[in-house]
Amino acid sequence: MAPKKPTDEEFRFRIDAFSPDTIPMARLAEYMSEIAAVLGEKPSVHFRRLEAGSTIIVHQIEKEALPKVRERARAVRRMEGPVDALKAYKAVNKLLREDNAVGTLQEKKGVIIQFPGRDAIEEKYPPIRQHGTLDGRIVSVGGADNTVHVRLLIEGEVISGCQTTNRALGKELAQQFDEFVRLNGVGSWSRNSDGKWLMESFRIDSFEPLKNLSLSDALNELRGGGIDFDPGAYDDLQTTRHGPPRKTNGSH
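We now turn to the structure provided with this report. (Residues numbered from 1 in each chain as written. Predicted model: local features only at pLDDT ≥ 70, side-chain atom pairs only at ≥ 80, totals over all residues. Heavy atoms only, no water.)

1. Thoughts on unusual backbone geometry
Okay, step 1: A positive phi angle, near 65°, is found at S54, a position not held by glycine.
Okay, step 2: In this structure, S54 sits in the loop between β2 (45-51) and β3 (55-61).
Okay, step 3: Of note, the phi angle at E155 is positive, near 50°, even though the residue is not glycine.
Okay, step 4: For E155, the location among the structural elements is in the loop between β7 (149-154) and β8 (157-164).
Okay, step 5: Accessibility expressed as a relative area gives 84% for E155, which makes it exposed. (Helix = DSSP H or I, 4+ residues; strand = E, 2+ residues; numbered from the N terminus. Buried < 20%, exposed > 50% of the residue type's maximum accessible area, 1.4 Å probe, protein only.)

Next up, the structure:
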């Protein structure tokens, strides 16, 4: 008699919002991608169908991969899983909060992971104030009150919320329009639930014009001031900024 072929196992991820008919396809894809990252063993985890009862994503786990998938999921439940799995767990909770939903991942034996979603208590961080600097290109200067509002372009993002302590300083900054500057002052910063620090406001006390130089031009300017570098200094700086150079096949 031929040996019995192992049977696969079905896991279900339930979202108590939407229905199979109302969930947007793009949103469904986001959930599926993050749940796949929670489970791992991606070549062995397959989408099978959607079921009613809110929205239930049914996926099939190949028998050989089941122990690893199950252990990984249990580790996530204990908040001890791999970094990518824990990151995906947080991403699922974020999606659920945005959709005002909660979720569960379960197998035949019962629930493996609870996703609190909307019921999670969002951690609040009080804003902090500290002296600092902002470097960028001035793209806007204006305002009708005693302060002048300034917007900076920093790494492709326009930063607002900066204002001078007096109009005289604002006039000086207006003369630097479209130029690179360093703003000195006191900023107010808050931290969101994802751990990212966001600037709420920045009171400008003073500023310094900056030169928009390439790295090689900046090094040449430093050399002109009497500062010398080892022959490999430029390569070391490039490695620090961009990582080590890639090796090419056939080269020595």
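Additional details are given in the paragraphs that follow.
2. Let's talk about the sheet that holds strand β10 (residues 197-209)
Okay, step 1: If you walk around this closed barrel you meet the 5 strands as β6-β7-β8-β10-β9, and the pairing is mixed. Across this sheet, the average inter-strand angle for adjacent strands is 50°, counted without regard to direction.
Okay, step 2: The pairing of strand β6 (residues 128-142) with strand β9 (residues 180-191) spans 10 bridges and is antiparallel. Paired with G132 across the two strands is G185, which belongs to β9.
Okay, step 3: Seen against the sheet, helix α4 (residues 167-174) touches β6, β7, β8, β9 and β10 and runs at an angle of roughly 80° to β10. (Pairing = 2+ DSSP bridges. Axes fitted to C-alpha atoms, helices over the stretch in contact; angles between N-to-C directions. Contact = heavy atoms within 4.5 Å.)

3. A closer look at the sheet that holds β2
Okay, step 1: Strand order in this open sheet of 5 strands is β2-β3-β1-β4-β5, and the pairing throughout is antiparallel. On the outer flanks of this sheet lie β2 and β5 (110-115), each paired with one strand and no other. Ignoring which end each strand starts from, the neighbouring axes of this sheet average 20° apart.
Okay, step 2: When strand β4 (residues 103-107) meets β5, the two strands line up antiparallel, connected through 5 bridges. What sits directly across from E107, in β5, is G110.
Okay, step 3: Across the sheet, helix α1 (residues 25-39) is in contact with β1 (9-15), β2, β3, β4 and β5; its angle to β3 comes to roughly 40°.

4. Notes on the nonpolar core
Okay, step 1: F13, I15, I113 and F115 are the most contacted members of the largest nonpolar core, which has 31 residues in total.
Okay, step 2: For this core, the secondary structure elements donating two or more residues are β1, α1, β3, α2 (66-77), α3 (83-98) and β5.
Okay, step 3: Here this core takes 7 residues from α3, the largest share from any one element.
Okay, step 4: Beyond its immediate sequence surroundings of up to four residues, F13 is in contact with Y31, I35, T55, I56, I57, H59, V92, G103, T104, L105 and F115.
Okay, step 5: Residues I138, I159, F202 and I204 belong to the second largest nonpolar core, which totals 14 residues. (Core = buried A, V, L, I, M, F, W, Y, C linked by side-chain atoms within 4.5 Å.)

5. Some words on the packing of α1 against α2
Okay, step 1: Close contact between α1 and α2 brings their axes to 8 Å; oriented N to C, the two are set at 100°. Put simply, α1 runs roughly perpendicular to α2. Contacts from A37, V38 and L39 in α1 reach V69, R72 and V76 in α2.
Okay, step 2: Within the contact of α1 with α2, the residues separate by chemical class into 5 nonpolar, no polar and 1 charged. (Parallel < 35°, antiparallel > 145°, perpendicular 65-115°, else oblique. Nonpolar A, V, L, I, M, F, W, Y, C, P; charged D, E, K, R; others polar.)

6. Topic: the pairing of β8
Okay, step 1: Bridging between β7 and β8 involves 5 bridges; their strand directions are antiparallel. Bridge pairing in β8 links I154 to E157.
Okay, step 2: Between β7 and β8, which pair antiparallel one after the other, the connecting turn spans 2 residues, and E155 there sits at a positive phi close to 50°.
Okay, step 3: Examined bridge by bridge, β8 and β10 share 3 bridges and lie parallel to one another. By the bridge assignment, C162 is partnered in β10 with F202.

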